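# Architecture and fold: a report
Each chain, written out:
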Amino acid sequence: TILPAPVVVTPAAGQQKVYGSADPEYTYTNNAGLSEFDFTGAISRESGNNAGNYPYTIGTLSAGPNYTLSIGGINTFAITSRPVVITPVAGQSKLYGEPDPSFAYTASETLQSGDEFNGALGRAPGNTAGTYAYNLGSLSAGGNYQLTLGGSNLFTILPKPVAISPNADQFKIYGGADPVFTFTNNAGLSSGDFTGALGRLSGNNAGVYPYTINTLSAGSNYILSLVD
């Protein structure tokens, strides 16, 4: 009896693909000095399409009836997570005191059929007027994707507009001192929320003088304007 010669086929190290791509042709060496032309068919791997490591199998590889092939070595085939860059849409904002909107974004890759994004983008903490950097928050497309944040766009909290209405019929007698000008506002702020005071156009002769915001302020989270 002439037995087939055993041949150990060792898949090359470092073979991989990105999730969603087609498998490459697997390369290998053998311990019998056979050339690539001595083989037909191809080695294979365990089934699966998710990111992870997959052991090789002999598949359809053959060197004819004179050889018995077996897989050697510890190398595995890797499916790596597909990188996706998430770019927050420019110009997103809210007024001070309002809840955050759902942050919109674009993705550099279209997800594979059946895959979807879950969760939501986040931002740096803070509730005062200003700009805030985005972060990935709870956004995920599952373990087959590696999300990173792209772009330089920021989320803006805008000062809330407050209309200041001077009270009617405020006056003084020529030669007297101006009173403290009183007013109402449309934001429900109390008198203790304000610093400074309303003013008026300069002049001391009898007549009518428009009011000015002067030094009145409710802090940087509000932008004050006068209404008639």
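Now for a look at the structure at hand.

Conventions used here
- Residues numbered from 1 in each chain as written.
- Predicted model: local features only at pLDDT ≥ 70, side-chain atom pairs only at ≥ 80, totals over all residues.
- Heavy atoms only, no water.
- Helix = DSSP H or I, 4+ residues; strand = E, 2+ residues; numbered from the N terminus.
- Rg over C-alpha atoms; globule rule 2.2 N^0.38 Å.
- Buried < 20%, exposed > 50% of the residue type's maximum accessible area, 1.4 Å probe, protein only.
- Contact = heavy atoms within 4.5 Å.
- Areas by Shrake-Rupley, 256 points an atom, 1.4 Å probe, with all protein chains shown as cover.
- Lys, Arg positive; Asp, Glu negative; His and termini not counted.
- Charge placed at Lys NZ, Arg CZ, Asp CG, Glu CD.
- Pairing = 2+ DSSP bridges.
- Axes fitted to C-alpha atoms, helices over the stretch in contact; angles between N-to-C directions.

### Here we look at the overall build of the chain
A tally of helices and strands in the chain yields 0 helices and 19 strands. For the chain, the C-alpha radius of gyration of 36 Å lies well beyond 17 Å, the compact-globule estimate for 228 residues. Along the first, second and third principal axes, the C-alpha atoms of the chain reach 130 × 25 × 25 Å. Split into buried and exposed, the 228 residues of the chain put 25% on the buried side. Once local pairs closer than 6 in sequence are excluded, the contacts in the chain between residues at least 24 apart make up 54%. By element, 53% of the accessible surface of the chain is carried by carbon and sulfur atoms, the whole surface being about 13700 Å². Seen as two clouds, the 8 positive and the 14 negative side-chain charges of the chain have centres 13 Å apart.

### Side note on the environment of Ala42
Residue position: Ala42 is located in the loop between strand S3 (28-30) and strand S4 (44-45). Taking the C-alpha atoms as reference points, Ala42 and Ser191, separated by 149 residues in sequence, lie 82 Å from one another. For Ala42, the residues in contact, after removing those within four places along its chain, are Ile58, Gly59, Thr60 and Leu61.

### Digging into the sheet that holds strand S8 (residues 82-88)
With mixed pairing, 3 strands are arranged side by side in an open sheet as S10-S8-S13. Strand pairing shows two members of the sheet lacking a second neighbour, strand S10 (105-107) and strand S13 (145-149), which therefore form its edges. In this sheet, adjacent strand axes meet at a mean angle of 25° when their direction is disregarded. Pairing geometry for S8 and S10, over 3 bridges, is antiparallel. Following the sheet pairing, Pro88 is matched in S10 by Tyr105.

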